[in-house]
Structure formats: structure tokens, C-alpha cells
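# Observations on chain architecture
Chain by chain, the residues:
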Amino acid sequence: MRAPVLVRKEYPADIAAIRELLVAAFPSPAEAELVDELRASAHLSISLVAVDDGVVIGHVAFSPISVDGVTLGLGLGPLAVRAERRRQGVAERLVREGLELCRNANVGLVVVLGDPRYYARFGFEAARRHELRDEFQAGDAFQAVELVNGTIRPGGGLVRYCSEFAKRC
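The present account deals with the structure reproduced in this document. The residue count restarts for each chain, going from 1 along the sequence in the order it is written. Per-residue local features are limited, in this predicted model, to residues with pLDDT of at least 70; the limit for side-chain atom pairs, both in listing and counting, is 80 or more; totals at the level of whole chains, interfaces and linings are taken over all residues. Note that the side-chain values use all heavy atoms of the structure and ignore hydrogens as well as water.

### A word on the overall build of the protein chain
The following threshold applies: Secondary structure elements follow DSSP: runs of H or I of four or more residues count as helices, runs of E of two or more count as strands, with numbering from the N terminus. This radius of gyration counts C-alpha atoms alone. The globule rule is 2.2 Å times how many residues there are, raised to the power 0.38. Note on exposure labels: buried denotes an accessible area under 20% of the residue type's maximum, exposed denotes more than 50%, and partly exposed covers the range between, all computed with a 1.4 Å probe on protein chains only. The contact rule is simple, with two residues in contact once any of their heavy atoms fall within 4.5 Å.
Helices and strands together make up the secondary structure of the protein chain, namely five helices and nine strands. Counting from the amino terminus, the protein chain carries its helices and strands in the arrangement β-α-α-β-β-β-α-β-α-β-β-β-β-α. Taking 169 residues into account, the globule formula puts the C-alpha radius of gyration at 15 Å, and the protein chain, at 15 Å, falls close to it. Each principal axis of the C-alpha atoms in the protein chain carries an extent, and together these give about 50 × 30 × 25 Å. Sorting the 169 residues of the protein chain into buried and exposed places 47% on the buried side. Intrachain contacts of the protein chain at a sequence separation of at least 6 include 66% that bridge at least 24 residues.

This is the structure we're talking about:
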């Protein structure tokens with residue numbers, strides 16, 4: 001009988017496997033480079049891996065975001081799962097456990113750029129409903145979930161990811 005997939009914080013020994021996973025999961029190495037840069041600058045606030053039989057099969061990153069210049073929460077992404085392990089609940093577990101860590105750390109707001117149909121299951125909704133705007137003009141793909149009531153100020157504001165993201169725009 002096989003042990004269930006384990007979701008845990010990344011260890012230094014996971015870094016090469018995370019990089020390899022991200023390079024394989026995306027069309028370019030940009031996301032792998034982004035995670036490396038976030039880690040190097042201490043902006044990788046939460047980094048979780050999904051491990052099966054000692055092999056990293058998934059990863060999710062959370063990094064600081066600001067709203068009108070005030071750090072108010074975290075941005076989720078990138079999120080990646082090995083191609084042969086997709087559609088098995090691995091990404092969902094990574095997101096749910098990451099959001100739980102956010103709640104436990106009293107993170108008030110999490111934003112994501114992604115498919116609204118996918119992220120709605122976690123409580124995300126179009127950020128524009130909170131009058132939040134993103135620097136990428138992502139439309140409905142830019143979503144937010146308020147984990148602590150009152151974090152999002154009336155009138156919302158412009159959400160910015162850390163400077164490492166700006167290099168990829």
C-alpha cells in the first residue's frame with residue numbers, strides 16, 4: 001500500500017527538484033527563476049511541496065503584495081504539479097494547505113492570477129469586486145480572497161507584487 005501524498009514546507013534539499021518541476025511545468029524557465037529570486041531575496045513567504053514516495057510532484061509559492069504601497073497580504077503563485085500527477089487533487093491540497101498557513105499567520109488578503117473557475121473553490125472572487133486593481137490588467141483572472149475581515153480597505157487600490165515579478169512583465 002502506497003503512502004499518501006505529503007504536503008509540507010520546502011527543505012533546502014528540495015530546491016533543485018522544485019526548479020526542475022517549474023521548468024517542466026511552464027513554457028519557459030521564467031517561473032523557476034522567479035521562485036529562485038524570491039527565495040534569494042527572502043520574499044518567498046510560504047513555499048510548499050507535495051511529495052510522493054520521496055519525489056517532489058508539486059509546488060506552490062506565496063510572496064508579499066502591497067495595496068497602494070502598504071503590505072497587506074500575499075500573492076499565490078506560481079503553482080505547479082508534474083504533468084502525470086495533474087487532476088489528482090495535488091494542486092488543490094497545496095492551495096488549501098497554503099491558505100490555512102496564511103490564516104494561521106493572520107495574513108489578511110491573498111491574491112492570485114489564474115482561472116476564476118478553478119480558484120472559486122477556495123473562496124477567490126474577482127478582485128474588482130473589492131475595487132482592487134492589478135498592475136498586469138489581468139481582468140477577471142486577477143482574484144482575491146479576504147482571510148481577515150476588514151483587511152481590504154474601502155475603495156480597494158492598486159495591488160503590486162514584489163519587485164521580482166516586475167522583471168517578468
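### Overview of the nonpolar core
Here is the rule we go by: Here, nonpolar core means buried Ala, Val, Leu, Ile, Met, Phe, Trp, Tyr and Cys residues that are tied together by side-chain atoms lying within 4.5 Å of each other.
In this structure, L109, V111, L132, F142 and V159 are the most contacted members of the largest nonpolar core, which totals 27 residues. Looking at this core, the elements with two or more residues in it are helix 1 (15-25), helix 2 (30-40), strand 2 (46-52), strand 3 (55-67), strand 4 (70-81), strand 5 (109-113), strand 8 (142-146) and strand 9 (157-161). Non-local contacts of L109, meaning those with residues more than four positions away in its chain, are made with I65, V67, L72, G73, L74, L132, A144, V145, L147, T151 and I152. Core analysis: the second largest hydrophobic core is formed by 26 residues, V81, V90, V110 and L147 among them.

### Some details on the pairing of strand 2
Filter applied, for reference: Here the rule is simple: two strands pair whenever DSSP picks up at least two bridges between them.
With seven of its seven residues buried, strand 2 lies for the most part within the structure. Here strand 2 shows no split at all, with I46, L48, A50 and D52 on one side and S47, V49 and V51 on the other all buried. The pairing of strand 1 (residues 6-9) with strand 2 spans four bridges and is classified as antiparallel. Bridged to K9 within strand 2 is L48.

### Looking at the layout of surface pockets
Using a probe with the size of a water molecule, rolled over the atoms, empty space left in the structure can be pinpointed. As a reminder of what qualifies: In this analysis a 1.4 Å probe is tested at points of a 1 Å grid over the protein atoms alone, and where it fits but cannot get out there is a cavity; an open set with protein on both sides within 12 Å along at least five of seven lines is a pocket; lining residues have an atom within 4 Å of a point. Grid points are joined across faces, edges and corners, and a volume is the space filled by probe spheres set on the points. Only Asp, Glu, Lys and Arg are considered charged, only Ala, Val, Leu, Ile, Met, Phe, Trp, Tyr, Cys and Pro nonpolar, and every remaining residue, Gly among them, polar.
Space inside the largest pocket adds up to approximately 880 Å³. If you go around the largest pocket, you meet 29 residues; those closest to its centre are F26, P78, L79, L113 and Y119. Broken down by element, the lining of the largest pocket gets its largest block of residues, six residues, from strand 4. Taken together, the residues of the lining of the largest pocket break down into 19 nonpolar, three polar and seven charged.

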